[in-house]
Amino acid sequence: MLEISIGKIACEKGIPLEARPLVELERGRREGQGDWATNAAMQWARTFGEKPLDVARRIVSLLPGSPLVERVEVAGPGFINFFLSRSWMTGTVEHILGCGPDFGRVNSGGGRRVQVEFVSANPTGPLHVGHGRGAAVGDICARILSFAGWKVEREYYINDAGLQMELLGRSTQSRYFEICDRSEEAPFPEDGYKGGYIFDLARNVLDSEGERFLGMPLKESLPFFTEYAGRVILEGIKKDLEDFGVKFNVWFSEKSLYDGVRVPSMLETLKKNGFAFDADGATWFKATAFSDDKDRVLIRSNGAPTYFASDIAYHKDKFDRGFDMVIDVWGADHHGYIPRMKAAVQALGRKEEDLQVLLIQFVNLLRGGEQVSMSTRSGEFVTLREVIDEVGVNATRYFFAMRRSDSHLDFDLDLAKSASTDNPVYYVQYAHARIHSIFREATARGITVPDPSGADLSVLVEPEEIALVKRLSAFPEEVEKAANDLAPHRIVFYAYDLAGDFHSFYNAHRVLGVGAELEGARLLLAEASRTVLANALSLLGISAPEKM
RNA sequence: GCGCUUGUAGCUCAGUUGGAUAGAGCAACGGACUUCUAAUCCGUAGGUCGCGGGUUCGAAUCCUGCCAAGCGCGCCA
């Protein structure tokens, strides 16, 4: 409404609207700079040939009044600051209470379909903390996108074909022989999986299948070991994710890509679009037609497709399934892969931005201030399961999501599990629990929360109350930004700040026993705060306890 | 060598489609519980936004050159 007003004024000034910056409103950053502010006068000063301050004053003088706006000021080099009136406060709280669990929903997705593919770890070992971060970030992104009006599907791509799986089978097979004191017959492969879980798998095989594989050629028994180990590990992964609160709609098997149809069909599409060619006995993708720096092999001269080829086929399959946007969550070490994948997507006839790649940086585990060293190959890694068992699902999710996903994360195990002042998870949850505590006490005293429509919220005038209402009202914008930027950490920060605003309010003012009118208004404010805290925590997949 | 990411308070990090006096938490120091949970709050102190140029009314943010860290540059997966 305010934008339109300003726009009209610009028109009245007799200067055409086009080729001029749009009017932008943003929230005031600090006390005295208004609830909303615009730099429009500064943007237009050049076009008008006047000083920004003069332009600002003229705009203000032409602004119509609004019941929501208490006053308008010109400040600084030419900012126009809007101060909102009390009726706006009342309306905000009523609106939140009316929406309840749906407050914060926005429709930037507009019902479009998006697929989030994440974790996608090889089933060659249990999930470790790095996967855990990807799981948390992917899951929270999916929740946020859904809240922002996207139709979301979550997918796990199972790398169940290829050399790594064979290596897993051979590792297990070797351990099986080793347990039977016949290790010299099946030497442990170089670069094999050395983790203790391989012994567990081998022992299980021995228990259920006996020693029947000992007398069999290695080649013959290998498929069993490979299939068995892969299946059991995948089951474990599924269980870990489930216990971590992460669900998938689709578990997509890499093997299913090699059905003799998908890769050739993908090649046909690329050739038809003019982006595949033969050279040196191999088939190539013309990645340099886009922003990649070299062309890439699709089919080797020995006839075998590359990993990249199956990845293109996979992404073609995704788009064929009708998604408007596809999000891949990758470990940051794969960043060099992005240009060619984006190129492939364009070669398939999609826009570059239809594929979004979210990079997850490495996690640095800290215990006692010391870095916990990890390496998958040596089998020395901390599993997601261990972290969950040690610090709990809520703290684990919170810590994984608290930083921008593309920056390194220090995960302090001692801090995460400490039920102390320093732990930000408890800080947020405690705000929610405190509000419930107020309601419990209110009930004990026979006080009920009034109906929002009948209450007078204009009695909320204290700075802490106003700050809290402003924070509450910003939630939908935060959801929208988090969705647009695929930035779960924004919600973490928002929840933390909101909790802080509530704690400040709580410490400065009493809710109960301050007179019926004020008490009612504060109960409604508390309920609105509880609602938004719960909604934010729900986006993070973190519980909102009633008691701590 | 080329490319990507990062560099903000002692530490860990927000802020990066150009806006006003760069913000939190931890650590340090000083305060606040007869009351709805002190797992909280209030205050003090802490900064050449890696360094140098440039663009403009205005730069942590954009451009450019350096420096440092991490990660990539296969007919591997």
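In short, a report on the structure. Here the structure is a predicted model, which means the values were calculated and not measured.

The next point concerns the sheet that holds strand β7 (residues 250-253). An order of β7-β6-β5-β11-β12 is seen for the 5 strands of this open sheet, with the pairing classed as parallel. What marks the edges here is a single partner per strand, and that holds for β7 and β12 (355-360). For this sheet the average axis-to-axis angle between neighbouring strands, irrespective of direction, equals 25 degrees. Examined bridge by bridge, strand β5 (residues 113-117) and strand β11 (residues 325-331) share 4 bridges and lie parallel to one another. Within β11, the residue paired with Q115 across the bridge is V326. Contacting β11 and β12, helix α11 (residues 338-347) crosses the sheet at an angle of about 165 degrees to β12.

One open sheet holds the 3 strands; their spatial order is β8-β9-β10, and the pairing between them is antiparallel. Edge positions in the sheet fall to β8 (276-279) and β10 (296-299), since each has one partner strand and no second. Each neighbouring strand pair of the sheet contributes to a mean axis angle of 45 degrees, computed without reference to strand direction. Note that β8 and strand β9 (residues 282-285) share 4 bridges and pair antiparallel.

Attention now goes to the environment of L413. Within the secondary structure layout, L413 lies in helix α14 (residues 413-417). A C-alpha to C-alpha distance of 5.6 Å links L413 and R367, two positions 46 residues apart in sequence. Every residue in contact with L413, bar those within four places of it in the chain, is listed here: L365, L366, R367, V387, E390 and V391.

What follows is about the packing of aromatic side chains. The relative placement of two aromatic rings is captured by the distance of their centres and the angle of their planes. Applying the stated criterion to the full structure yields 29 aromatic pairs. With a centroid separation of 4.7 Å and 40 degrees between ring planes, the pair formed by F252 and Y314 is classed as tilted. In this pair, F252 sits in strand β7 while Y314 sits in helix α10 (residues 307-320), placing the two residues 62 residues apart along the sequence. An identical accessibility class is assigned to F252 and Y314; each is buried. Note on F277 and W284: the rings are 6.4 Å apart at their centroids and 10 degrees apart in plane angle, and the pair reads as stacked. Judged by relative accessible area, F277 falls into the partly exposed class, the value being 29%. By way of ring pairs, the aromatic residues Y176, F177, F213, F224, F225 and Y228 are connected into one cluster. The residue whose ring lies beneath R212 is F224, and the NZ or CZ to ring-centre distance is 5.8 Å.

What counts and how
- Residues numbered from 1 in each chain as written.
- Chains lettered and ligands numbered in written order.
- Predicted model: local features only at pLDDT ≥ 70, side-chain atom pairs only at ≥ 80, totals over all residues.
- Heavy atoms only, no water.
- Pairing = 2+ DSSP bridges.
- Helix = DSSP H or I, 4+ residues; strand = E, 2+ residues; numbered from the N terminus.
- Axes fitted to C-alpha atoms, helices over the stretch in contact; angles between N-to-C directions.
- Contact = heavy atoms within 4.5 Å.
- Phe/Tyr/Trp six-rings, centres within 6.5 Å; stacked < 30°, edge-to-face > 60°.
- Buried < 20%, exposed > 50% of the residue type's maximum accessible area, 1.4 Å probe, protein only.
- Lys NZ or Arg CZ within 6 Å of the ring centre and 35° of its normal.

Such coordinate-based values are descriptive only and should not be taken to indicate function.
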